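# Working through the structure, step by step
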Amino acid sequence: ADTACKNRPLDLVFIVDSSRSVRPEEFEKVKIFLSEMIDTLDVGERTTRVAVMNYASTVKVEFPLRTYFDKASMKEAVSHIEPLSAGTMTGLAIQTAMDEVFTEEMGTRPAAFNIPRVVIVVTDGRPQDQVQDVAASARTAGIEIYAVGVGRADMQSLRIMASEPLDEHVFYVETYGVIEKLTSRFRETFCAVNVCALGTHGCQQVCVNNGASHLCDCYEGYTLNPDQKTCSAVDMCAPGRHECDQICVSKNGSYVCDCYEGYTLNPDKKTCLALDMCAPGRHDCAQVCLSNDGSYSCGCYEGYTLNPDKKTCSAADVCEPGRHDCEQVCVRDYLFYTCDCHPGYTLNPDRKTCSRTITGSLVTTEESCKCEAIVALQDSVTSRLEALSTK
């Protein structure tokens, strides 16, 4: 086949009848027909998307347009479809296609893309519900309907369902055994000149074939410029575009997340966890490390003070003014201290305050008239001793 003639991009939904009138071996023929149809299509996320629905008196969406974008996966899914074996609610099936399959959430492309929305109904019976109004609503919504009748199919119902012109949208075969010959008919029907294959489209990144015309598109992470041909990288780190907890790093149309210093990226690659900065090997404190929300500060044990470098410690002078509670003399003992008294005083039981010493040998049995002189002499001697001690 001419490489410039591929099927035009479609959002294509197969609706297949599996009511009790379709025998199991006949339904297997339908599945072969679906697989061969898939082989003829230019399947892909940006080309033709395919969905398959199975119906009888109930409707089952076997897979929507968003599920598979390669032929092998589609054909594997088709091979596992089982018949529902009940009534023939064709109208319900078409309505379900409109409500649940031809939506952007289920993979249908926006109307602005001008991708045709196509339904192929395969049935061998007469609908048991009102199909005329539902089919008309579908056509009004822009859905093109092809009706394929097999064996006992009611031709009038097929014509009521199908789009105009009817001679191009209504097909009939005598048995399921020959349904496969319709494959080539549909290939011719869907064939269009592939404008994107001619090399004249002018799209910088992606060309989307749209029948006789085309649209330009961009890779993920890029946006189409106003000229509708060239693409610019999206700033993926703009507010609202990313999910990073702390730092977003834009990278060639995508982004990666990072964390502030003192934090590490969680396994979700988006949020950050504060590191234990006081874990061994993470800090350079000499004595005490104080963790503080992704950072740390240093401290010292009791009796030490932090040096100006904010890391190392020196033993404190416990006898500095204000550090002790001795009344007279503070005696330093490395990290601790004891209290003492000046000569002539003795340490009280509280081990902090001092009381004047009374020397019993100076006050004995002397005459009372000598007491004042003795006390004065004692005060003088004590005063001189204090002065010498201070020097």
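Residues numbered from 1 in each chain as written. Predicted model: local features only at pLDDT ≥ 70, side-chain atom pairs only at ≥ 80, totals over all residues. Heavy atoms only, no water.

The protein appears in an unreviewed UniProt entry as Matrilin-3 from Panurus biarmicus. Quoted verbatim from the Function (unreviewed entry) field of UniProt, the annotation for the protein is "Major component of the extracellular matrix of cartilage and may play a role in the formation of extracellular filamentous networks." UniProt lists a comment for the protein under the heading Subcellular location (unreviewed entry), and it reads "Secreted". (UniProt positions renumbered as here; feature names shortened; annotations may be inferred.)

To continue, consider helix α7 (residues 182–190). Turning to α7, its buried residues are Leu182, Thr183, Phe186 and Phe190. The buried residues of α7 occupy one face: seen down the axis, they fall within an arc of 105 degrees. (Buried < 20%, exposed > 50% of the residue type's maximum accessible area, 1.4 Å probe, protein only. Helix = DSSP H or I, 4+ residues; strand = E, 2+ residues; numbered from the N terminus. Arc of directions from axis to C-beta.)

Our next topic: the UniProt feature "domain: VWFA" (unreviewed entry) in the protein. On the UniProt side, "domain: VWFA" (unreviewed entry) is annotated at positions that read residues 11–186 here. A distance of 15 Å separates the end C-alpha atoms of residues 11–186, which is 36% helix and 22% strand.

With that settled, the discussion passes to the nonpolar core. Among the nonpolar cores identified, the biggest contains 33 residues, and Ile120, Ile179, Phe186 and Phe190 are the most heavily contacted of them. Of all elements in the fold, only β2 (11–17), α1 (24–40), β3 (49–55), α2 (71–79), β5 (117–123), β6 (143–150), β7 (170–173) and α7 reach the threshold of two or more residues within this core. Ranked by the residues each element gives to this core, the list is headed by α1, at six residues. With 27 residues, the next largest nonpolar core counts Val13, Ala138, Ala147 and Val170 among its residues. (Core = buried A, V, L, I, M, F, W, Y, C linked by side-chain atoms within 4.5 Å.)

What follows deals with unusual backbone geometry. Backbone torsion omega between Glu164 and Pro165 reads -10 degrees, so that peptide bond is classified as cis. Along the chain, the position of Pro165 falls in the loop between α5 (155–161) and α6 (166–169). Unusually for a residue other than glycine, Asn114 sits at a positive phi of about 55 degrees. You can call Asn114 partly exposed: its relative accessible area is 48%. The backbone of Arg351 sits at a positive phi, close to 65 degrees, despite the residue not being glycine. Take Arg351: it is sitting in the loop between β23 (345–347) and β24 (354–356).

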